[in-house]
Amino acid sequence: MSSSGRLESDELREIAHRLMDLAAELAAQHLPAIRKVAAEIVETVFVPRAVARQLALAAALETGALTLDQFKHVLHALSSSFSSRSRLIRQLRRDQSVSSTQDEWMDLAERIDSIQGNDAWRSEPTC
């Protein structure tokens, strides 16, 4: 390499150092604004507070839905214990669980179907 090539390389290196120094000074002067912009970018990209709020809302809604579903089951259980029809069906199912033959089990199943109205299809000629 010639001495002029070396000089150009040294000049370019010096210019690059000056540009880096100027960039560092500029960044130091505007650091609060840069931090603010960086925080806004991070918040926009990751949105941690909004995600946390949405997760909390989803958990609350899910808990509420479960609570309502459980309440519905409790009301159903209470109302069925007052209904003679529901008590009879429960007793027939208990009898079914201890039945000794398939014929006995089928007879009980047909009685349950009859009480619940699930045997209406048998009386329809189109079925």
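The structure displayed is predicted, hence computed values, not measured ones.

A. How the structure looks around the overall build of the chain. Along the chain, the regular secondary structure elements total 6 helices and 0 strands. Starting at the N terminus and ending at the C terminus, the chain contains elements arranged as α-α-α-α-α-α. Counting the 127 residues in the chain, one finds 7% classified as buried. For the chain, the exposed area adds up to about 10800 Å²; of that, 62% sits on carbon and sulfur atoms.

B. Representation of helix α4 (residues 84–97) within the structure. Between the first and last C-alpha of α4 there are 20 Å, a value that for 14 residues agrees with the 20 Å anticipated at 1.5 Å per step. Taken together, the buried positions of α4 are I89, L92 and Q96. Each buried residue of α4 lies within a common arc of 65° when the element is viewed along its axis, so the set occupies one face. Away from the buried face of α4 by more than 90 degrees, exposed residues S84 and S97 are located. Against α5 (102–116) lie the buried residues of α4.

C. Quick look at a nonpolar patch on the surface. A cluster of nonpolar side chains, contributed by F71, V74, L75, L78 and F82, occupies part of the molecular surface with about 540 Å² of accessible area. Along the chain, the position of V74 falls in helix α3 (residues 48–82). Residue V74 is classed as partly exposed on the basis of its relative accessible area, which comes to 46%.

D. Molecular detail of the environment of D119. With respect to the helices and strands, D119 occurs in the loop between α5 and α6 (120–123). Apart from residues lying up to four places away in sequence, D119 is in contact with D113 and S114.

E. Quick peek at the pattern of salt bridges. Per the counting criterion, the structure on display carries 2 salt bridges. Residue R13 pairs with D10 through a salt bridge whose shortest N-O separation is 3.3 Å. Residue R13 and its partner D10 are both found in helix α1 (residues 3–29); the two are separated by 3 residues, about one turn of the helix. Its relative accessible area of 43% is what places R13 among the partly exposed residues. Using a relative accessible area of 32% as the deciding quantity, one classes D10 as partly exposed. Put simply, R18 and E14 hold a salt bridge, and the shortest N to O gap is 3.7 Å. Here E14 and R18 lie together in helix α1, a separation of 4 residues that amounts to about one turn. Classification of R18 as partly exposed rests on a relative accessible area of 48%.

Criteria and cut-off values
- Residues numbered from 1 in each chain as written.
- Predicted model: local features only at pLDDT ≥ 70, side-chain atom pairs only at ≥ 80, totals over all residues.
- Heavy atoms only, no water.
- Helix = DSSP H or I, 4+ residues; strand = E, 2+ residues; numbered from the N terminus.
- Buried < 20%, exposed > 50% of the residue type's maximum accessible area, 1.4 Å probe, protein only.
- Areas by Shrake-Rupley, 256 points an atom, 1.4 Å probe, with all protein chains shown as cover.
- Expected span 1.5 Å × (residues − 1).
- Arc of directions from axis to C-beta.
- Contact = heavy atoms within 4.5 Å.
- Patch = residues over 30% accessible without salt bridge, like charges linked within 9 Å, V, L, I, M, F, W, Y side chains within 5 Å.
- Salt bridge = Lys/Arg side-chain N within 4 Å of Asp/Glu carboxyl O.

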